[in-house]
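# Descriptive analysis of the structure
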Amino acid sequence: MESFYTIQGEGFHQGRAAYFIRLGGCDVGCICCDVKDSWDAGKHPIINTDLLVAEVKKTPAQMVVVTGGEPLMHN
């Protein structure tokens, strides 16, 4: 769905440079979800993992956060 370089804003790693990868597709549908636009995987392009890795390497991030949609739907 989207990917970007940022600073982790919460939890144990708060304040660390991170690269976020937000996946499209979710079959859970939590009513409290703050990214409902991610639910329909068909709305988002499939991006080659090698391209994502190359984008991450362009940043100083030492940590990657994979988030949803629902990451457990993907291999």
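In this text, all values refer to a predicted model and were calculated from it rather than measured experimentally.

Moving on to the confidence of the model for the protein chain. When pLDDT is averaged along the protein chain, the result is 90, and 100% of the positions lie at 70 or above. Confidence, read as mean pLDDT per element, is least for strand 3 (residues 64-67) in the protein chain (91) and greatest for helix 1 (residues 49-57) (95).

Tallied over the entire structure, the rule returns 3 salt bridges. For the salt bridge of Arg 22 with Glu 2, the shortest nitrogen-to-oxygen distance reads 2.8 Å. Of this pair, Arg 22 sits in strand 2 (residues 17-22) while Glu 2 sits in strand 1 (residues 2-7), placing them 20 residues apart in sequence. Judged by relative accessible area, Glu 2 falls into the partly exposed class, the value being 34%.

Within the fold, Ile 46 resides in the loop between strand 2 and helix 1. Through-space distance from the C-alpha of Ile 46 to that of Gly 24 is 9.0 Å; in sequence the pair is 22 residues apart.

Attention now moves to the pairing of strand 2. Here strand 2 lies mainly inside the structure; 5 of its 6 residues are buried. Sheet topology places strand 1 next to strand 2; 6 bridges connect them, and they run antiparallel. Counted as the bridge partner of Thr 6 is Ala 18 from strand 2. Where strand 2 and strand 3 come together, 4 bridges link them in parallel fashion. Residue Phe 20 lies in a different strand from strand 3, and its bridge partner there is Val 65. What joins strand 2 to strand 3 is helix 1, and the crossover it makes is right-handed.

The nonpolar side chains of soluble globular proteins are, as a tendency, buried together. Counting residues in hydrophobic clusters, the biggest one holds 6 residues: Tyr 19, Ile 21, Leu 23, Leu 52, Val 56 and Ala 61. Within the residue set of this core, elements represented by two or more residues are strand 2 and helix 1. The contact partners of Val 56, leaving out residues within four places of it in the chain, are Tyr 19 and Val 64.

Criteria and cut-off values
Residues numbered from 1 in each chain as written. Predicted model: local features only at pLDDT ≥ 70, side-chain atom pairs only at ≥ 80, totals over all residues. Heavy atoms only, no water. pLDDT = per-residue confidence, 0-100. Helix = DSSP H or I, 4+ residues; strand = E, 2+ residues; numbered from the N terminus. Salt bridge = Lys/Arg side-chain N within 4 Å of Asp/Glu carboxyl O. Buried < 20%, exposed > 50% of the residue type's maximum accessible area, 1.4 Å probe, protein only. Pairing = 2+ DSSP bridges. Right-handed = clockwise from strand over helix to strand, strands pointing away. Core = buried A, V, L, I, M, F, W, Y, C linked by side-chain atoms within 4.5 Å. Contact = heavy atoms within 4.5 Å.

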